[in-house]
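Each chain, written out:
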Amino acid sequence: MKIAVEGCCHGQLDDIYGSIRLLEHKEGIKIDLVLICGDFQAIRNVADLECMAVPKKYQQIGTFHKYYSGSKEVPYPTVFIGGNHEASNYLWELFYGGWAAKNLYFLGWAGVIKFGGVRIAGSSGIFNAHHYNNGHYEKAPYSTSDMRSIYHVRKYDIRKLGLLRQPIDVMLTHDWPRGIEQFGDVQKLLRIKKHFRAEVSNIAVTSATIQNQDPFNINILQVARNDLGSRANEELLDKLIPKYWFSAHLHVKFPALVDHDAWVNRFARKVPGPPAPQPGGQEIKIDNPDEIVISMDDDDDDDVLETPSVNSNDNPVDMKTTTSNAASDTVIATSNPDEIVMDDDDFDEPATTPVTTNAIQAPAKSEPIQTLHTPEVHDELMNETTEKAPALETLNQASQTTRFLSLDKCLPRRDFLQVLDVPSVDENLSFEYDLEWLAITQITQQYLSLQHHQPAIPSDNILYSQIDQKIEELQKRVDEGTLDLRIPNNFELTAPSHDYTHRMTPQEIAENIIPYTNPQTEAFCSMVGIENKFKSSRIAQLPPQKIMESSEAAVEFVDSGSSTPTKRQKLDLPPPTVTSVETSIEVEETTELE
């Protein structure tokens, strides 16, 4: 199956899906799954904007509400994680994961699912050491501080993911694993991203030292300090060894190939450092050694991006960026191919022209690079066929490398989309719960805290025995037919969708800031046998016809052999929409933000 991976969404679903449709039409391919690496911005209405941590001038309704309301259909099965610019009140309703709209699945604060047998794990949010050891204490209506801390990852969720022992095919995070830049082209990264605002604010140097350092060297200093990225994700990369890891957040395309034998010894690797201080100068100090400087709450306003080079032979992972004349009508060109494009701010105008992408090329192959500008695309997720997951006690020894790729935001002249062909284990391309993850969720539920204090979590070895026992119990239920791992299509609207003809009153906004009790979360907790700690005083009040439509879509009658049909949850995922030529052309013409 073909998977399209997208960087930061920023609410521009129309542009993303339009770009994919155009690409399908031009290349004669069909995308089976879309993965989005955060800053999704699932804005249902203007009340949700009050729960998203962005300056007022960047509060935009986006296009998600069309898919939420059902006025537009999600054309591809889509999976996304949260970043640091989200409607946190809505995502809070789906803490364990669930459908944010029909055919559009949120992985939750941390989650693992399968699609076509491919195992996909994800962690929402970004790292901040100040809140890492806290519980999930934030409650709506959010204060300014809580609106930012709510998307900071917590040790509880990272520990859950760290308990995984079966191999992970794809890992999704918003920010990067710390130290990942050492396994890619650091020099090129630092030439492109010169203006990380956080890096200077936490360095105290003498004027003599500053005179001998330009912004490029300040960036090098941060890399040399090993402050670039998330310590939590670094730990997960070390433990999980996924085949692929996709991120976003820094608004730059950056590939890296992690050899885990070298990863273990990464601190001994030589990385470029800044010039030595002048004699008698003050030593460089870090105000807070525990703070991840790069993962600030706000994105970089002064984002500098270099136009992709046609020749990228300096790329160590061989994820090479190439262009062709066939794409000249879809990529906005500059008059000078070496020109550096300066953005005025972080939330630029949305892309009005679909941007083509490039396929990932495995470094072990010697044939010429194939891109999506040619009829053929890369036909492997890895340099081996996908095998069945080994037993729980077997760690992921089959794959000792991780291919990392960070992507940009959805804008012209940006590398925001990557397409690769993944061998699927199951011909039925449907969503399924992951048995191991269900067991981990059930065992660790007692340690989930909605207060500032996070209770101590036992060691992994203690939890492993409990998880193994729970897996046996769940597997028995599967064998007996009392547990169906297929994720039901049970999406329901909770809050009202945006209505251009109706302006929400302050009272309506205040009411809809509060998260609803989401029926999907209720159903999930009931299935797993855990308490739903995310119940709210807000119960969705849908119009009668919507309630009827929702209930009719949620169940189907199945002939059990008796005279009276029985009801069961409808579990089959609707098939992906096949894009026709007419549809592709129409999307190309209507991708402008409404």
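Residues numbered from 1 in each chain as written. Predicted model: local features only at pLDDT ≥ 70, side-chain atom pairs only at ≥ 80, totals over all residues. Heavy atoms only, no water.

Chemist: Tell me about unusual backbone geometry, residues and numbers included.
Modeler: For the bond running from Ala 140 to Pro 141, omega is 0°, close enough to zero to count as cis. Within the fold, Pro 141 resides in the loop between β7 (118–123) and α5 (144–149). Residues other than glycine seldom take positive phi values, yet His 10 does so here, at roughly 55°. Residues other than glycine seldom take positive phi values, yet His 251 does so here, at roughly 55°. Along the chain, His 251 turns up in the loop between β10 (244–247) and β11 (254–259). (Helix = DSSP H or I, 4+ residues; strand = E, 2+ residues; numbered from the N terminus.)

Chemist: Tell me what's going on with the nonpolar core, and back it up with residues and numbers.
Modeler: Most often, soluble globular proteins have nonpolar side chains that are buried together. Membership of the largest hydrophobic core comes to 129 residues, with the highest contact counts inside it found for Phe 64 and Leu 104. When residues of this core are assigned to their parent elements, the largest contribution, 6 residues, is made by helix α13 (residues 435–444). Look past the residues within four positions of Phe 64 in its chain and what remains in contact with it is Gly 11, Leu 13, Phe 40, Gln 41, Ala 42, Ile 43, Arg 44, Tyr 90, Ala 100, Ala 101 and Leu 104. Core analysis: the second largest hydrophobic core is formed by 7 residues, Ile 43, Leu 49, Met 52 and Tyr 58 among them. (Core = buried A, V, L, I, M, F, W, Y, C linked by side-chain atoms within 4.5 Å. Buried < 20%, exposed > 50% of the residue type's maximum accessible area, 1.4 Å probe, protein only. Contact = heavy atoms within 4.5 Å.)

Chemist: Explain the pattern of salt bridges to me, and be specific about the residues and the numbers.
Modeler: Under the defined criterion, the tally for this structure stands at 17 salt bridges. The closest approach of N and O atoms between Arg 44 and Glu 93, which form a salt bridge, is 3.3 Å. In this pair, Arg 44 is assigned in the loop between β2 (33–36) and α2 (46–49) and Glu 93 in helix α4 (residues 88–93), connecting sequence segments 49 residues apart. Across the pair, exposure class does not vary: Arg 44 and Glu 93 are buried alike. With a closest N to O distance of 3.1 Å, Lys 56 and Glu 50 form a salt bridge. When salt bridges that share partners are traced, they join Asp 14, Lys 66 and Lys 72 into one network. (Salt bridge = Lys/Arg side-chain N within 4 Å of Asp/Glu carboxyl O.)

Chemist: Give me the lowdown on the side chain of Ser 247, citing residues and values where you can.
Modeler: Tracing the backbone shows Ser 247 in strand β10. Residue classification places Ser 247 among the buried residues on the basis of a relative accessible area of 1%. Within the local environment of Ser 247, its side chain forms a polar contact with the backbone oxygen of Asp 175, the two atoms lying 3.5 Å apart. Here Trp 245 takes part through its side chain, which lies 3.2 Å from a polar atom of the side chain of Ser 247. With residues near it in sequence (within four places) discarded, Ser 247 still touches Cys 37, Thr 173, His 174, Asp 175, Trp 176, Pro 177, Phe 404, Leu 405, Ser 406 and Leu 407. (Polar contact = N/O pair within 3.5 Å; in protein donor to acceptor, adjacent residues only side chain to side chain.)

Chemist: Can you break down the packing of aromatic side chains residue by residue, with the values?
Modeler: Inspection of every chain in the model, using the stated rule, returns 28 aromatic pairs. Aromatic pair Phe 95 and Tyr 96: ring centres 5.4 Å apart, planes at 85°, arrangement edge-to-face. In this structure Tyr 96 comes out as buried when scored by relative accessible area, which is 7%. With a centroid separation of 4.5 Å and 20° between ring planes, the pair formed by Phe 95 and Phe 534 is classed as stacked. Here Phe 95 is found in the loop between α4 and β4 (98–101), whereas its partner Phe 534 is found in the loop between α16 (519–528) and α17 (544–554), with 439 residues between them in sequence. Summarising the burial analysis for this pair, Phe 95 and Phe 534 share the class buried. (Phe/Tyr/Trp six-rings, centres within 6.5 Å; stacked < 30°, edge-to-face > 60°.)

Chemist: Pulling in residues and values, what's your account of the sheet that holds β7?
Modeler: Pairing between the strands of a sheet is mediated by backbone hydrogen bonds and can be parallel or antiparallel. Read across the sheet, 7 strands follow the order β11-β16-β10-β8-β7-β6-β18 without closing on themselves; strand pairing throughout is mixed. In the strand order of this sheet, the two ends are held by β11 and β18 (431–433), each with one partner. Strand after strand, the sheet turns through a mean of 25° between neighbouring axes, direction not considered. Pairing geometry for strand β8 (residues 170–173) and β10, over 3 bridges, is parallel. Pairing of Met 171 across the sheet is with Trp 245, part of β10. Running at roughly 35° to strand β6 (residues 110–115), helix α6 (residues 155–162) makes contact with β6, β7 and β8 of the sheet. (Pairing = 2+ DSSP bridges. Axes fitted to C-alpha atoms, helices over the stretch in contact; angles between N-to-C directions.)

Chemist: Got a sec to walk through α16? Specific residues and values, please.
Modeler: All buried positions along α16 are accounted for by Gln 520, Thr 521, Phe 524, Cys 525, Met 527 and Val 528. Buried positions in α16, seen along its axis, are confined to an arc of 160° and lie on one side of it. On its buried side, α16 packs onto α4, β4, β18, α13 and α14 (460–480). At the N-terminal boundary of α16, the capping side chain belongs to Asn 518, with an oxygen 2.9 Å from the backbone nitrogen of Gln 520. Positive backbone phi, approximately 85°, marks Gly 529, located one or two places after α16. (Arc of directions from axis to C-beta.)

Chemist: Account for the confidence of the model for the chain, naming residues and giving values.
Modeler: Chain-level statistics for the chain give a pLDDT mean of 73 and a share of 63% at 70 or above. Note that pLDDT drops below 50 for residues 196–218; the model gives that stretch 54 contacts with residues more than four away or on any other chain. Overall, residues 271–399 carries pLDDT values under 50, and its contacts beyond four positions in sequence, including any with other chains, amount to 316 contacts. (pLDDT = per-residue confidence, 0-100.)

Chemist: Help me get a handle on the side chain of Lys 160, residues and values and all.
Modeler: Mapped onto the elements, Lys 160 comes out in helix α6. For the buried Lys 160, which has no salt bridge, the nearest side chain bearing the opposite charge is Asp 157, at an N-O separation of 5.1 Å. The residues touching Lys 160, leaving out its near neighbours within four places in the chain, are Trp 437, Ile 440, Thr 441 and Thr 444. (Lys, Arg positive; Asp, Glu negative; His and termini not counted.)

Chemist: Let's hear about α14: which residues, and what values?
Modeler: Along its 21 residues, α14 runs 30 Å from first to last C-alpha, staying within 8% of the 30 Å computed at 1.5 Å per residue. The elements touched by buried residues of α14 are α6, α11 (231–240) and α13. Residue Gly 481 follows α14 closely and has a positive phi angle near 85°. (Expected span 1.5 Å × (residues − 1).)

Chemist: Any details on the state of the cysteines? Residues and values, ideally.
Modeler: Simply put, the disulfide is a covalent bond whose two ends are the sulfur atoms of two cysteines. This model, assessed by the stated rule, comprises 0 disulfides. Sulfur of Cys 9: no disulfide; nearest cysteine sulfur belongs to Cys 410 and is 7.5 Å away. When its relative accessible area of 1% is taken as the criterion, Cys 9 is described as buried. Distance from the sulfur of Cys 37, which forms no disulfide, to the nearest cysteine sulfur (Cys 8) is 8.1 Å. (Disulfide = S-S within 2.5 Å.)

Chemist: Can you lay out the pairing of strand β1 (residues 2–6) for me, pointing to particular residues and giving the numbers?
Modeler: Taking burial as the measure, the 5 residues of β1 include 5 buried ones, the bulk of the element. Because side chains alternate across β1, one face comprises the buried residues Lys 2, Ala 4 and Glu 6, and the other comprises Ile 3 and Val 5, equally buried. Crossover β1 to β2 through helix α1 (residues 13–27) is right-handed. (Right-handed = clockwise from strand over helix to strand, strands pointing away.)

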